[in-house]
Amino acid sequence: MTKGIEQETRPGQGAATVAALRTPVQPAAGRGAALRVEGAGISFGDFRAVQGIDLDIPAGEFLCLLGPSGCGKSTLLSAMAGFIQVSEGTLTADGAPVSGPDPELGMVFQSSEALFDWMTVQQNVTFGPRMRGRSRAEQNRVADEFLGLVGLRHCADRYPGQLSGGMRQRVQIARVLANEPGVVLMDEPFGALDAQTRQVLQQETARIWSASGCTVVFVTHDIDEAILLADRVAVMTAGPAASIKSLYTVDLPRPRDESDPAALRLRNQLREDIGEEVRKAMRDQGLDDQLDREAKNA
Ligand SMILES: Nc1ncnc2c1ncn2[C@@H]1O[C@H](COP(=O)(O)OP(=O)(O)OP(=O)(O)O)[C@@H](O)[C@H]1O
Ligand SMILES: [Mg+2]
């Protein structure tokens, strides 16, 4: 699914979404869309969550976003999805300002509660194409293709409540992909899953990304997950007014080998870089005592 489409069902959001659907982002043929964020700031009332964000994400790139809890990763991702607007600066997809939800900008949420519980798996996956007036035959093709991609064809007639957490998350991914978006935004999509399911879905994500050529922005707290998946990793500073602290290129062959000395070096660098921001965030939140205890136990 795309949140853009789901947003249609929310009170007061319908008109904006329909307008956005009429002016979709046009991705380059057969490839993902390029995202450009320049001098972007996002505020909630007087609170400035992020500020001075510059990110140039080429079409087809897999970018992972890391940073301390509460620094503004979801906020930035929501702006990329068109759910919220930047308060300053610009945010474009293939040169067009992101001004609202768009099926070209698909969002996978951490929680699979984003699925429509009253619809079958097949109806969830075909929701986007159905809303855009695709024929029944086209809807069936899409369901077959994308449920096949995530290994859930046999669950087409079940309801989300009858699936495991990992299966629901795969349905969510299929629902996003069914719109064939140029950009897939993933907000800690595997955060709530057990290690084994997580590993399978990471491999599946890498495979789907390389087959589809879409652009992916993937938020995670897991450094190893970022090294496994990303072309580049962006680290955010602690908030408020968080910005991009550093950008790392993951220049390692795929499939990635976690025990590669270069991967281990990068992991250490990232741990140090993020650790510094996490400590800042904890101090700002008055959690210094906990930091001291951790230091003593280390
Ligand atoms: N709708 C909102 N209204 C007011 N403040 C908000 C809103 N959404 C987010 N914030 C604030 O913006 C900051 C960034 O929140 P955000 O959810 O983006 O963090 P995050 O990096 O995704 O954190 P986590 O890793 O815990 O998911 C937080 O201080 C949060 O309280
Ligand atoms: Mg978040």
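Refer to the structure presented above.
Numbers given for residues are sequential positions, taken from 1 along each chain in its written order. A letter from A marks each chain and a number from 1 marks each ligand, given out in the order of writing. Only residues with pLDDT of at least 70 get local features here, since the model is predicted, and only at 80 or more are side-chain atom pairs given and counted; chain-wide, interface and lining totals rely on the full set of residues.

Considering helix 6 (residues 136-149)
Moving on, step 1. Each helix is a run of DSSP H or I of at least 4 residues and each strand a run of E of at least 2, with the numbering of both proceeding from the N terminus. What a helix is expected to span follows from its residue count: subtract one and scale by 1.5 Å. Its 14 residues place the ends of helix 6 20 Å apart at the C-alpha level, agreeing with the 20 Å of an ideal helix rising 1.5 Å per residue.
Moving on, step 2. For helix 6, the complete set of buried residues consists of Val142, Ala143, Phe146 and Leu147. Around the axis of helix 6, the buried residues are gathered within 110° of arc, so they sit on the same side. Within helix 6, the exposed residues directed more than 90 degrees away from the buried face are Ala137 and Gly148. Any residue whose C-beta has 12 or fewer other C-beta atoms within 10 Å is treated as exposed, any with 20 or more as buried, and any in between as partly exposed, C-beta atoms being built from the backbone. Arc, as used here, means the arc of the directions from the helix axis to the C-beta atoms.

Here we look at the sheet that holds strand 9 (residues 232-236)
Moving on, step 1. If DSSP finds at least two bridges between two strands, the strands pair. One open sheet accounts for six strands, arranged 6-7-8-3-9-10; its pairing is mixed. Both outer strands of the open sheet, strand 6 (105-108) and strand 10 (244-249), are each paired with one neighbouring strand and no more. Across the sheet, the mean angle from the axis of one strand to that of its neighbour is 20°, orientation sign disregarded.
Moving on, step 2. Sheet analysis places strand 6 next to strand 7 (residues 183-187), joined by four bridges and oriented parallel. Bridged to Gly106 within strand 7 is Val184.
Moving on, step 3. Its contacts with the sheet place helix 3 (residues 73-80) against strand 3 (62-66), strand 6, strand 7, strand 8 (215-219) and strand 9, and it is angled at close to 155° to strand 8. Only the stretch in contact is used when a helix axis is fitted, and all axes are lines through C-alpha atoms; the angle between N-to-C directions ranges over 0 to 180 degrees. Two residues form a contact once the distance between their C-beta atoms, set from the backbone, is within 7 Å.

Re the site of ligand 1
Moving on, step 1. Nearness here is judged by the C-beta atom: place it from the backbone, and if it falls within 6 Å of a molecule or strand, the residue counts as near that partner. Taken together, Phe44, Phe47, Ala49, Gly67, Ser69, Gly70, Cys71, Gly72, Lys73, Ser74, Thr75 and Gly239 form the complete shell of residues around ligand 1.
Moving on, step 2. Elements with a minimum of two residues in the shell around ligand 1: strand 2 (47-57) and helix 3.
Moving on, step 3. Residue contributions to the shell around ligand 1 peak at three residues, all from helix 3.

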